[in-house]
Amino acid sequence: MEVTSPTFKQNAVHALADAQLQKALGNVRAGFIDKRRKAADALPEFDALRDAARDIKDHTLAHLDLYLEAYEEKVTESGGQVHWAETAEDARRIVLDICRMQNARTVTKGKSMITEEIALNDFLKLAGIKAVETDLGEYIIQLRNEHPSHIIAPAVHVNKDQVEADFRRAHDYLPADRDLTEPETLLDEARRVLRAQYFEAEIGITGANFLVAETGSSVIVTNEGNGDLTQLLPRVHIVVASIEKIVPTLNDVSQILRVLARSATGQDMSVYTTLSTGPRRKGDPDGPEQYHVILLDNGRTSMLGTEFQDMLRCIRCGACMNHCPVYHAVGGHAYGWVYPGPMGAVLTPSLIGIDQGGHLPNASTFCGRCESVCPMRIPLPKMMRHWREREFERGLNPATQRYGLKIWAAFAKRPRLYNFAASMAIPLLALFGGRKKRFSFLPLAGGWTRHRDLPAPESRTFMQQWRERESGKQRAAA
Amino acid sequence: MSDSSQARPKVGLFVTCLVDLFRPQIGFAAVKLIEEAGCDVAVPMAQTCCGQPAYNSGDNADAREIAQNTIRAFEGFDYVVAPSGSCAGMLKKHYPQLFADDPAWRERAEAFSARVHELVSFLTDVMGVGAVTARHTATITYHDSCSGLRELGIAAQPRALLASVEGLTLKEMQDPDVCCGFGGTFCVKYADISNAIVEKKTQTIEASGADLLLAGDLGCLMNMAGKLKRQGSAIEARHVAEVLAGMTDTAPIGGKG
C-alpha cells in the first residue's frame, strides 16, 4: 500500500476538516473507552494479569528461536506446513504459489492486519485471484477501496449511512426498495452476500492472534464467526502471521486472552476463540485438506535486542489508539500506513524506516494514556522518544527545529546568561501584553496564536523578583 | 536553647521556566505554601528549565547538560519541589534515565530524583498538610495534567486541599484526565491537531458550569486559558497553588474578560 506517513501533517488537516470522519470518531468514547473501563474495573486481578501477560511475552521474546522451532515441529507433526518469509515479498510469493497449486480463483479472508502489512489483496488481484474480506468492517472498506483505519475496527471511520450507500452500489442486483436503514438489516445483507463466497473459495486466509508452540495451533478471536467459516470451508487454510505471535503454551494463551478482549472491546471474551491445529484429520467432520502457516519476519528480528523490543509484546487490541487524543482528532488513515495510533507510531518507523515514518512518533503529546491502558504494559511514549533520539542523531528533523532548539539550549545551559536575557525580554513582553494581558498575535509564535491567545508575562521574571526580595531581607537584617 | 529551624526541612524551589517567565506569582504562592507547611525555602539561582524541550526532541546531549546543572544547583536540599507535574516528572522519573550509561551520574541523578516532589503532592503526601486557610468564592473545575497524573499519581491530593478552601464548589468536567493538547513543543509543531484537542477540552470545561479552571501545570493552563479567551469565554484560569495560597487578587491567566 502507498505510504503517506511523510505527509502526516497535511493528512491531519484533511482529516480535521472531514465532517463524516469527525462524526464517526465521536463514537470511540462510548464504543471502546467506557466499555474497557467497566471490564477492567469488574476484574480485580486485571492489573496482575497485565503483569503476567507482559512476563509471558518477555520470556517468549527472550527465547524466540527456541519457541519458533518447537512450533514448527508441532505444526509439521499435525500434518501442516510452516513457511518462513523474511520479507513481505517472500510472504506474498508463498501465498501465490499455494494459490497456483490449487488453481484458486477466489480466496476468502478473515480479518488480518498482517495481510494488510504485506498488501496481499492488491497483489492477488494483479495475479487474477479474487480476495473476499469476510469480516464486516473489512468487507465494507474493501467495497470502498480503502484500508483499515483501526486495527480491530477497520471501518470505524465510516458512518451507517455511508455503508448503506456502499451496499446499494455494490449489491445492485438486489431489490432497490429494500430497507437498509438499521444496522441489523445491513448485517443481514452482508451475511447473505458473503455466505455464497465461502463455498466458492478454494482457499481461506486468516491471520493469527496467537501461535502456540506447545501444540502447533493457531488461534483467532472474532466476534462474527466469519473466521471459522473462512478457515473451515475451503480446501486449504493459510495462516499468515508474524513471528512475535508465538506463545509457549495454551495456558499462556488463556492468560493473555483474559486481557485481550477486555482491553479491546470491553468483552470478557470475544464471541469466538478458535484454535486450528493442522488440517482435517481422519474422522473430523470438517476442516481443510491442507494447513499452511506463513511466518513473517519483515523487520521484526531487527527490533530484538534494541530499545524497541518491547513493542513485539503487542497483541493488537487497539486500546492505545482508543485512548489517544491524537487518534481521536485525526483517525487512523492520517498515519499513512497500516498501523495507526500510538502502537503505529512506534511500529511503523521500525517497519518502513524513520525517514518515512518520522512524523508519527513526534505527533504525540506524551500524555501517557496509551501506556496506562496497554494490557502488555508497553512503554509507548518512551519508545516514541527513542525514535525522536534516532531522528535527532541522524539529523532528520527540520533544520528550523534543530536551530531553534540549539539556540534555546545555549541559553538553558547557562543560567546566568539565561536569567539575564529573560530579565531583559520578559518586562518588554509584559509591556506589550498591555491591559488585556494576552496576545492574539505575536511574531514567531504563530503556531500558538493561530488557534489561541497567548497569556502575556505578568511583569518581571520570578528570579528578578526573588533576588530583590532576598536582598531586601538582607538589608533589613543588616 | 531551642532552634526551631533545626527541625525545618530545607526545600529548594524548582521554579520552572514557564512560571519564571510568565507567571511568577505561582512561584510565590508555592513559597508561601511550603513555608506554611513548616519548611524553609530557597531558590537556587543556577536553575533554568528542566530540559524537556531538548529531551522530548531527542536531543539527549543538551538535556543531560541541563540535568547536570539542575542536579548540581539543588545539592544540599532535603527536598526539591516544583509547581508542575510535568517538570517534577522530568526531574523525578526521567533524569536517571538520561544517565543510563554513566554510573556515577546515574547514582547522583537517582539521589536527586528521590528528593523531588510536585508541589501539591509534597504538601499532602510528604508534609501531611490536610487543609489550607485560604478563602475564595468560585465554582471550580480541575484539569488533571497528564504527567502529574500518570507519572506521579496526582489526582486526589489537589482535590483534597481544594475541598478545604472556604467558598469553593468543585464541578468536575467530563474526562478531566484527558490531555488538553499542549504537549510542550507539540502544540506548535502540530498546531492544528493540538487545536482540535484543546477545543474538545474547552467544550467540557464550559459544560461543567464552572467559572474558574484550575490545574497544576502552567503549560496546560496557558493552552486552555488561551483557547478559552480566543473563544470569548468568561471562564478564568489559575494555577491551583494560587487558590490554595489565597493569592487570587491578581488577574487570572490570560487576563480578565
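Report on the accompanying structure.

Procedures and definitions
- Residues numbered from 1 in each chain as written.
- Chains lettered and ligands numbered in written order.
- Predicted model: local features only at pLDDT ≥ 70, side-chain atom pairs only at ≥ 80, totals over all residues.
- Heavy atoms only, no water.
- Helix = DSSP H or I, 4+ residues; strand = E, 2+ residues; numbered from the N terminus.
- Rg over C-alpha atoms; globule rule 2.2 N^0.38 Å.
- Buried < 20%, exposed > 50% of the residue type's maximum accessible area, 1.4 Å probe, protein only.
- Contact = heavy atoms within 4.5 Å.
- Areas by Shrake-Rupley, 256 points an atom, 1.4 Å probe, with all protein chains shown as cover.
- Lys, Arg positive; Asp, Glu negative; His and termini not counted.
- Charge placed at Lys NZ, Arg CZ, Asp CG, Glu CD.
- Patch = residues over 30% accessible without salt bridge, like charges linked within 9 Å, V, L, I, M, F, W, Y side chains within 5 Å.
- Salt bridge = Lys/Arg side-chain N within 4 Å of Asp/Glu carboxyl O.
- Pairing = 2+ DSSP bridges.
- Axes fitted to C-alpha atoms, helices over the stretch in contact; angles between N-to-C directions.
- Parallel < 35°, antiparallel > 145°, perpendicular 65-115°, else oblique.
- Phe/Tyr/Trp six-rings, centres within 6.5 Å; stacked < 30°, edge-to-face > 60°.
- Lys NZ or Arg CZ within 6 Å of the ring centre and 35° of its normal.

1. Regarding the overall build of chain B
Line of reasoning, step 1. Broken down by element type, chain B carries 13 helices and 8 strands.
Line of reasoning, step 2. For a compact globule of 257 residues, the expected C-alpha radius of gyration is about 18 Å, and chain B comes in at 18 Å, within 12% of that figure.
Line of reasoning, step 3. Seen through its principal axes, chain B has C-alpha atoms that stretch 50 × 50 × 25 Å.
Line of reasoning, step 4. Taken over 257 residues, chain B has a buried fraction of 64%.
Line of reasoning, step 5. Contacts spanning at least 24 positions in sequence make up 77% of the contacts within chain B whose residues lie at least 6 apart.
Line of reasoning, step 6. Working note: accessible area of chain B is about 8,800 Å², and carbon and sulfur atoms make up 50% of it.
Line of reasoning, step 7. Distance from the positive charge centre (23 side chains) to the negative charge centre (30 side chains) of chain B: 3 Å.

2. What to know about the overall build of chain A
Line of reasoning, step 1. Counting its regular elements, chain A contains 24 helices and 12 strands.
Line of reasoning, step 2. Along the three orthogonal principal directions, the C-alpha set of chain A runs to about 100 × 60 × 45 Å.
Line of reasoning, step 3. Considering chain A as a whole, with its 478 residues, one finds that 56% of them fall into the buried category.
Line of reasoning, step 4. Partitioning the intrachain contacts of chain A with sequence separation of at least 6 by distance along the chain shows that 72% fall at a separation of at least 24.
Line of reasoning, step 5. For chain A, the computed accessible surface area is about 20,800 Å², with 53% contributed by carbon and sulfur atoms.
Line of reasoning, step 6. Counting 60 positive and 58 negative side-chain charges, chain A places the centres of these two groups 11 Å from one another.

3. A look at a nonpolar patch on the surface
Residues and elements named next belong to chain A.
Line of reasoning, step 1. Together, Tyr403, Ile407, Phe411 and Leu417 make up an exposed nonpolar region whose accessible area comes to about 420 Å².
Line of reasoning, step 2. In terms of residue count, helix α21 (residues 399-412) provides more of the nonpolar patch than any other element does, 3 residues in total.
Line of reasoning, step 3. Relative to the assigned elements, Ile407 resides in helix α21.

4. Side note on helix α9 (residues 156-163) of chain B
Line of reasoning, step 1. Of the residues making up α9 of chain B, those classed as buried are Gln157, Pro158, Arg159, Leu161 and Leu162 of chain B.
Line of reasoning, step 2. The inward-facing, buried residues of α9 of chain B abut α7 (119-126), β5 (135-143), β6 (166-170), β7 (212-215) and α13 (240-244) of chain B.

5. A closer look at the sheet that holds strand β8 (residues 236-239) of chain B
Residue and element names in this part refer to chain B.
Line of reasoning, step 1. With parallel pairing, 4 strands are arranged side by side in an open sheet as β6-β5-β7-β8. Looking along the sheet, the strands with just one partner apiece sit at the ends: β6 and β8. Across the sheet, the mean angle from the axis of one strand to that of its neighbour is 35°, orientation sign disregarded.
Line of reasoning, step 2. Across the sheet, α9 touches β5, β6 and β7, and the angle it forms with β5 is around 160°.

6. Considerations on the packing of α21 of chain A against helix α22 (residues 415-433) of chain A
All names here are of chain A.
Line of reasoning, step 1. Where α21 contacts α22, the axes come no closer than 6 Å and their chain directions differ by 105°. On the basis of their axis angle, the class for α21 and α22 is roughly perpendicular. Together, Ala410, Phe411 and Ala412 of α21 and Pro415, Leu417, Tyr418 and Ala421 of α22 make up the contact between the two elements.

7. A few points about the pattern of salt bridges
Line of reasoning, step 1. This model, assessed by the stated rule, comprises 50 salt bridges over all chains.
Line of reasoning, step 2. Measuring nitrogen to oxygen at the nearest pair gives 3.6 Å for the salt bridge that ties Arg29 of chain A to Asp34 of chain A.
Line of reasoning, step 3. In this structure Arg29 of chain A comes out as partly exposed when scored by relative accessible area, which is 28%.
Line of reasoning, step 4. Residue Glu36 of chain B pairs with Lys32 of chain B through a salt bridge whose shortest N-O separation is 3.5 Å. Of this pair, Glu36 of chain B and Lys32 of chain B both sit in helix α2 (residues 24-36), 4 residues apart, which is roughly one turn of the helix.
Line of reasoning, step 5. A network of salt bridges, in which partner residues are shared, links Asp47, Arg50, Asp51, Arg54, Asp55 and Arg377 of chain A.

8. Brief notes about the packing of aromatic side chains
Line of reasoning, step 1. In the structure shown here, the tally under the stated rule is 16 aromatic pairs over all chains.
Line of reasoning, step 2. Arranged with centres 4.2 Å apart and planes meeting at 15°, the rings of Phe308 of chain A and Trp387 of chain A form a pair that is stacked. In this pair, Phe308 of chain A is assigned in the loop between β10 (290-296) and α14 (319-322) and Trp387 of chain A in helix α20 (residues 380-393), connecting sequence segments 79 residues apart. As far as the burial class goes, Phe308 of chain A and Trp387 of chain A line up, both buried.
Line of reasoning, step 3. Plain terms: the ring middles of Trp337 of chain A and Tyr339 of chain A are 5.9 Å apart, the flat faces sit at 70° to each other, and that makes the pair edge-to-face. By the burial criterion, Trp337 of chain A is buried, and Tyr339 of chain A matches it.
Line of reasoning, step 4. Within the aromatic cluster, the residues linked to one another by ring pairs are Phe8, Tyr327 and Tyr335 of chain A together with Phe186 and Tyr190 of chain B.
Line of reasoning, step 5. Over the ring of Phe366 of chain A we find Arg385 of chain A; its NZ or CZ atom is 4.6 Å from the centre of that ring.
Line of reasoning, step 6. A cation over an aromatic ring shows up here: Arg108 of chain B above the ring of Trp105 of chain B, its NZ or CZ 4.2 Å from the ring centre.

Shape is all these values report; function is a separate question.
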